[in-house]
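Here is what each chain is made of, one letter per residue.
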Amino acid sequence: MRVMAQMAMVMNLDKCIGCHTCSVTCKQAWTNRSGTEYVWFNNVETRPGLGYPRTYENQEKWKGGWELTKRGRMRLRAGGRLKNLMTIFSNPILPSIGEYYEPWTYDYSTLTDAPAQEHTPVARPKSLISGQNMKIEWSANWDDDLGGATETAHRDPMLAKIADKVKFEFEQTFMFYLPRICEHCLNPSCAASCPSGAIYKREEDGIVLVDQDKCRGWRKCVSGCPYKKVYFNHRTGKAEKCTFCFPRIEVGLPTVCAETCVGRLRYIGLVLYDADKVLEAASTPDDTGLYEAQREVFLDPFDPEVVRAAEQAGIARDWVDAAQRSPIHALINTYKVALPLHPEYRTMPMVWYIPPLSPVVDVVAETGEDAEDTGNLFAAIDALRIPVEYLAELFTAGDVAPVDAVLKRLAAMRCYMRDINLGRDPDASIPAAVGMSEEEMYDMYRLLAIAKYDERY
Amino acid sequence: MDGSLSEAFVRSRRFFTRGTVSQDLRTISQVGGREADDFYRDRWSHDKVVRSTHGVNCTGSCSWKVYVKDGIITWETQQTDYPSVGPDSPEYEPRGCPRGAAFSWYTYSPTRVRYPYVRGVLLQMFREAKAQHDGDPVKAWAHIVENPRRAKTYKSARGKGGLVRATWEEASEIVAAAHVHTIKEYGPDRVAGFSPIPAMSMVSHASGARFVNLIGGSMLSFYDWYADLPVASPQVFGDQTDVPESGDWWNAGYLIMWGSNLPVTRTPDAHWMTEARYRGQKVIAVAPDYADNVKFADEWLAAKPGTDAALAMAMGHVVLKEFFVDRQSPYFTAYVKTYTDLPHLVRLEEAADGAYTAGKFLTAADLADHASEENAAFKTVLLDSATGEPVVPNGSLGHRYGEAGVGRWNLELGDVDPALSLLDTATESVLVRMPRFDTPDGAAADLPRGVPVRRVGGHLVTTVFDLLLAQYGVGRPGLPGEWPTGYDDAGSPYTPAWQEAITGVPAATAARIGREFAQNAEESKGRSMIVMGAGTNHWFHSDTIYRAFLTLTNLTGCQGVNGGGWAHYVGQEKVRPLTGYTQIANALDWNRPPRNMIQTAYWYLHTDQFRYDQFGADTLSATTGQGRLAGMSTADVIAQSARMGWMPSYPTFDRNPLDLSDDAAAAGTPVGEYVVDQLRSGALGFAGEDPDAPANHPRILSIWRANLLGSSGKGNEYFLKHLLGTDSSVRATETPEGQRPVDVTWRDEAPEGKLDLLMTIDFRQTSTTIFSDVVLPAATWYEKHDLNTTDMHPFVHSFNPAIAPPWQTRTDWDAWQTIAEKFSELAATRLGVRKDVVAVPLTHDTADAMANPHGVVRDWKKGECEPVPGVTMPKLVEVERDYGAVAAKMNALGPLMDTLGATTKGVTFELGAQVDYLRAKNGAVRGGVADGRPSLRKDVHVCEAILALSGTTNGHLATQGFKTLEKRTGVRLADLAEEHEGKQITFADTQGPPVPVITSPEWSGSETGGRRYSPFTINVERKKPWHTLTGRMHFYLDHDWLTELGEGLPVYRPPLNMAALFAEPALGTVSDGSAGQVEGLTVRYLTPHNKWSIHSEYQDNLFMLSLSRGGQNIWMSDRDAAKVGIKDNDWIEAVNRNGVVVARAIVSHRMPEGTVYMYHAQDRLIDVPLAETSGKRGGIHNSLTRLLVKPSHLVGGYAQLTYAFNYLGPTGNQRDEVTIIRKRSQDVTY
């Protein structure tokens, strides 16, 4: 056992209101400068939708992340590392600026400076790439709130696999929001892709950074990252990415995106893991086994052996303490409601998500049954407005069982708490039905609903 | 890992790197000393963090950290230090939204107004004229504006570029000269100011308001103008609006979001909803589209736009049937008997044909034993079920005033058990004609339904409850009339099946949701809540929509209960330190009363939209009406309301009110008498009866903290044409003869360019600034001191300057002082000291509410009564204006504070000690008219004054106010504030973490003991009456005009039929462009609040534009788009009689067929090409809207239907509009 500590995040998508405050505060703090106009370390996607950059999840096309060879060995999907190195001068699988979006501004000053003229002055859009007038055809968040635009929905890579489940009709509309930052993976393919060795994980907290001195701008990391969360600064010629706000984390402040999240849906905490197990877990043969495999890599911070080993590994006592009170540990391992994003990329991502639950009751109501009855609720999850299959494509490599289990826990929590809310006797059979004790369910409710500042971070 | 060669290669990396390559060669890790990443540490570093907020019209009231480095504002993040709500609840941190997070972009952006600007052509003329007139700026102004050719030259150039830099000295001189000339020539009431929503930055609002009120100008309303005022609130509650803080959603067991898209419009609050679900709250969304909030709802009811009342009526039908008739819920029954008008008796009027209609409330004046009591006509009557005898209960309006009512204005019923229904004791039953409007075109009809009746005091009466059951179609055995056969009777209002055809919501769903709402309320004792907003409140008939909602909350005992009741969130704001703010802004410390004006009526007349009406006011009448609106146009109704003293009207007379005072003095007659005589003789007329006469035009409009022409101005193109006199795209035809006003003069030539001066103070360019004659550069919200509050949370917090105002910008307080000083200098000799006669409407929360017994229309002009100021016409009050002393008065707290105190909602506060405190705290002014008075020179002084003079921020005053109220009510109240009697919040306190406010009689709810604020908890828990006729919440309104419109009780009225009223194509029409029509598809046109802006603020912000579509757009359904060949991101035009819009289409199946959304206030400044249809610059969202005034909003002088500023008045509704959508050429030109 080789204990390492990892700073990680969980986002509760069931609470995300899609406001993009996280994107703006992050951009203002980090990428509001020339060379990074198009760069959003944090972005929020409406799903279904194409994402940013467009169709980044289509690894057939973009070749990000890892794959297993026929012999079961891990290999960068973009090709072995030698091939990788051989192709540094021509990297054909790099998203163009158009796949992100062509950033622009407006000639605002004309509003003040326009001479006397026939028509009301107007500020026209100007490309920040070419400086020319332009018609805006895509933006950082073009398909916001569309739930899959008529024009583009069929290109959502996640929909392709479950096309028969989704109809783009008014009555069947569904959507939810997916905020994304760098995953700060345990097995980062960006780092493995870098010919210069400029990308590294911080020993003490696992934050993945690009060494700005060593980066030579090969952009292999951009290709290698399946989440497309490494960006090329076209002014400095270096790669840049989300830093997990390390200058804030180091002084005990949460990341900007987390602290400014008005949905209060982001949790940050420390996770202890066994570094010796990462490769084996990432090499799990079946894609659908990767979620459980990654959980197996995490160590129980209350296990005395783990505590001892951590001490031997030089991890300070307050860090162990932090791992014990970590909301991440609780959400991933204790309550088992958080899931990794695209485990099939085999990077062992460390930003996890609680899938969105709602709406659920209308499905029950249509059957004419009592929507507050727990049994009916559980049955309804299979017929959610948001297809479970779509969520499974995002979080469990297509396996609906873990998603189903999470949604049932959330639904059960609501049923259980409703009795308490209305002053009725609580019904212990509700948590029992999802394998939880009453105390566990109540504690989970407090963490998800009350979610005080010092419990989120 | 992959191949061995590669592995060997990678392994070698270990020799070249400082980091540690993992054993399995996957990755590298490094410890410490990462100098290479200093870039990010540097980026994060900053010199200081300053607390401020955003003075934007959103009610968010979020406290922010503003980061400053090297004297430059870098960015902002949210404060997280709100005081805790308690251990078992989520907290208010972090409040904010993406718009606010993007604010600092404005500070240094190229759209920032850095210097004063004047349109070149005007500035040049002014300089020349000034030279010609020996440097006299006032004569120079007159030289320009009194010459039609010169006036037209600069007016027709408005909005077409050509702004040039000026100095503060010169720009303020132009503004001051214009004021002096206008006041002298036309009168101070020809000057108007517009700045909305004081709560978002109350000192900044008060700056110009104080100036306008000191000179005698009119401040224009905003809450009613924005159509955010739910007129149902004064109608039902006798209160402007009072709502729960968002933290109280947590306490609800059942939450319906009805026309309120919380994630978008209440971004910082939305988490309370998502979190309350985890506590087992059931959440329902009623929205025509799959809006952002729908994803959180357990059920989505996609009611068709504008049909919400039909759904609510059907739910009410179910509640009444299942919880009041089939079975009586003890909780509901006890609640409605005590807190609503349901048991009160109503007289039935017999018509010639023997049918009855619901008439007036039975009052003590109708009972022989009580008729001689004080205010008897304002004391309603109920029956005691124990004795069967009539009882005049405490608490009605008649007890609120006069000696006999002292200690009796309360809701204590003693041993009386009010009879809810007369069914058990009735001697007979009669058929009452119940109005209905449920045909698709909204045509009036009625149907007979029986009610049990008795004779009391010689009058045939029934209860409001019995009438309500008849209205809702809930039958009982033995009653005659047409009743539904069951929930599935689709032909009879208001059953679940009936509503299905109208709303599209399945009948069973409507019934079930209604039932669940009530079940939850019964089980939880009132913890069912409806969050309602613009989606349901911006309709022409939104008052009836809201009354249908309030029927649900009020029947089920949810009002005045934490976690229950209505939660109206659109434009509602809350100036928590209300009393202090009101004194400063209205300049009540120096002179009273102010001229506060209803803005909708103002622009309806002054932008000449009344000249384009195609229907009479009686189009809206019920078949049960008396024909009271017959033959009248809407303008006639406005004029009648004004002359009867119901609503304010400025400019008031067709003569300068300063001259009018002089004339009275010259005639040796008291001014009141003089004006009455002159009006009677016809020598004096009302300006509102001839709005197109040059003497009656508004001449000066000052706008600050607002964007009238880019945001709130419904009928934008009419503004451009008639008010400003510049190019417009109005396509409508004028009202034909025969439909024109009768009492209001029709001038054949419509004026263009009525306004002489449009002055705007702003920090960014907007549609208003680019059409303005003078633009002054404002400090931003990160560059000044101010106060901020909201009703969404219970804290007061502050603005503070992160940097000093840059370039030549000034704070609003500073800018208005500059103007006031220049004005005083010019006015001292030219205007001097004058007397000004102010016409004041009958005012709410005063005894004026008893001016019109039974709400009967009495028009002195028609000989129905005598003109008596303060009773049948406006009060006439003479005010002295010392024009040379305006600046001195502005800068000091005046002497009326000591002598008259301050009155809020009928409670008068004595302020002697507070004035002394402020004199010491702020320092005293030395010399001049304000010698020795507390200083208000700096914005911080004003903050201190507002805080010290309000009960919510000064525990001494809160306690004092409650003690005053205890005397009138006879119930215990002062204990609510006593826990904080010694607490006084100072400005320095607000510079720290947000400060919780104190429970005060200024508001209806209690925060005592740290509870969440819910409105009317004081009314319910302490039996303090509502400010209504009965003192209870009203289901029934018996005013003549409400009866005329068939709106005595909640009723469903469909959206206006624009095809019938204005000959627009019918909805769904696809025209090929033949026969002179515009080709395209006709759809419902809605302007909901925008995700990427707060009204027009932020819509021009590069961050918001980058996260959206980067310019004006219109959302439409894929089905509609297909009908006219439109694809996503195509350029399209929206065309109707009011104007033309060019935008890009967003096509999505989340939109309902038949309706398009043009999200609110995208302004016209960003990427708007020329329109093919007009050849002019494409318009804004309001280019397609216009004002439509509902007569019942003009009612006044009667109980809760009595005017107060922003409390009652016609709404600037805009949701009933339609437009044609056409695909245009994709080659656009600019």
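Residues numbered from 1 in each chain as written. Chains lettered and ligands numbered in written order. Predicted model: local features only at pLDDT ≥ 70, side-chain atom pairs only at ≥ 80, totals over all residues. Heavy atoms only, no water.

If you look chain B up in an unreviewed UniProt entry, it shows as Nitrate reductase alpha subunit from Phycicoccus duodecadis. Listed under Sequence similarities (unreviewed entry) in UniProt, the entry text for chain B is "Belongs to the prokaryotic molybdopterin-containing oxidoreductase family." What UniProt states about chain B under its Catalytic activity (unreviewed entry) heading is, verbatim, "nitrate + a quinol = a quinone + nitrite + H2O". (UniProt positions renumbered as here; feature names shortened; annotations may be inferred.)

Trainee: Help me get a handle on the overall build of chain B, residues and values and all.
Mentor: A count of helices and strands for chain B gives 39 helices and 39 strands. Relative to the 2.2 N^0.38 estimate, which gives 33 Å for 1230 residues, the radius of gyration of chain B is 30 Å and therefore close to what a compact globule would have. Out of the 1230 residues belonging to chain B, those deemed buried represent 74%. Charged side chains of chain B number 122 positive and 144 negative; the gap between the two group centres comes to 4 Å. (Helix = DSSP H or I, 4+ residues; strand = E, 2+ residues; numbered from the N terminus. Rg over C-alpha atoms; globule rule 2.2 N^0.38 Å. Buried < 20%, exposed > 50% of the residue type's maximum accessible area, 1.4 Å probe, protein only. Lys, Arg positive; Asp, Glu negative; His and termini not counted. Charge placed at Lys NZ, Arg CZ, Asp CG, Glu CD.)

Trainee: Describe unusual backbone geometry, and please don't skip the residues or the numbers.
Mentor: Of the consecutive residues Arg47(A) and Pro48(A), the connecting peptide bond is found in the cis state with omega at -5 degrees. If you trace the backbone, Pro48(A) turns up in the loop between β2 (43-47) and α2 (59-62). Cis geometry is found at the peptide bond from Tyr650(B) to Pro651(B), where omega equals -5 degrees. Mapped onto the fold, Pro651(B) is located in the loop between α21 (634-643) and α22 (657-667). Notably, Lys63(A) is not glycine yet its phi reads approximately 60 degrees, a positive angle. Summarising the element assignment, Lys63(A) is placed in the loop between α2 and β3 (66-68). Under the relative-accessibility criterion, Lys63(A) is labelled partly exposed at 31%.

Trainee: Which residues make up the pairing of strand β24 (residues 757-762) of chain B, and what values go with them?
Mentor: All names here are of chain B. Of all the six residues making up β24, six are buried; the element is thus mostly covered by neighbouring parts of the structure. Across the two faces of β24 the burial is the same, with Leu757, Met759 and Ile761 and Leu758, Thr760 and Asp762 all buried. Sheet topology places strand β23 (residues 700-704) next to β24; five bridges connect them, and they run parallel. Bridge pairing links Leu701 to Leu758 in β24. The pairing of β24 with strand β25 (residues 774-777) spans four bridges and is parallel. Note on β25: the bridge partner recorded for Asp762 is Pro777. (Pairing = 2+ DSSP bridges.)

Trainee: Lay out the interface of chain B and chain A in plain terms, naming residues and giving numbers.
Mentor: Across the boundary between the two partners, chain B contributes 139 residues, which contact 131 residues of chain A. Carbon and sulfur atoms make up 54% of the surface buried where chain B meets chain A, a total of about 11,600 Å² over both sides. The salt bridge involving Lys15(A) is made with Glu275(B); its shortest N-O contact spans 2.9 Å. Run the count over chain B and chain A and you get 57 residue pairs in polar contact (both at pLDDT 80 or more). A per-class count over the side of chain B that touches chain A returns 58 nonpolar, 38 polar and 43 charged. (Contact = heavy atoms within 4.5 Å. Buried area = accessible area lost by both parts, 1.4 Å probe. Salt bridge = Lys/Arg side-chain N within 4 Å of Asp/Glu carboxyl O. Polar contact = N/O pair within 3.5 Å; in protein donor to acceptor, adjacent residues only side chain to side chain. Nonpolar A, V, L, I, M, F, W, Y, C, P; charged D, E, K, R; others polar.)

Trainee: I'd love a proper account of α21(B), names of residues and values included.
Mentor: Three- or four-residue spacings in an α-helix give side chains the same orientation, since the helix completes a turn every 3.6 residues. Residue and element names in this part refer to chain B. With ten of its ten residues buried, α21 lies for the most part within the structure. Looking at the packing, one finds that the buried side of α21 touches α20 (599-606) and α36 (1040-1044). Gly645 occupies a position one or two residues after α21 and carries a positive phi of about 85 degrees.

Trainee: Now, about the sheet that holds strand β32 (residues 995-996) of chain B: what can you tell me, with residues and values included?
Mentor: The strand order across the open sheet built from three strands is β26-β27-β32 (chain B), with neighbouring strands paired in antiparallel fashion. The outermost strands of the open sheet, each flanked by one partner alone, are β26 (786-788) and β32 of chain B.

Trainee: Could you give me a rundown of the side chain of Asn233(A), with the residues and numbers involved?
Mentor: Residues and elements named next belong to chain A. Along the chain, Asn233 turns up in strand β10 (residues 230-233). On the accessibility criterion, Asn233 (1% relative accessible area) is buried. Those residues within four positions of Asn233 in sequence are excluded, and the remaining contacts are Arg33, Ser34, Gly35, Thr36, Lys238 and Glu240.

Trainee: Now, about the sheet that holds strand β12 (residues 299-301) of chain B: what can you tell me, with residues and values included?
Mentor: Sheet strands associate in pairs through backbone hydrogen bonding, adopting either a parallel or an antiparallel arrangement. All names here are of chain B. Strand order in this open sheet of five strands is β12-β11-β10-β20-β21, and the pairing throughout is parallel. Either end of the sheet is taken by a strand with one partner, and the two such strands are β12 and β21 (565-568). Averaged over all neighbouring strand pairs, the angle between strand axes comes to 20 degrees, with direction disregarded. Where strand β11 (residues 282-286) lies against β12, three bridges are found, and the strand directions are parallel. The partner of Ile284 across the bridge, within β12, is Glu299. (Axes fitted to C-alpha atoms, helices over the stretch in contact; angles between N-to-C directions.)

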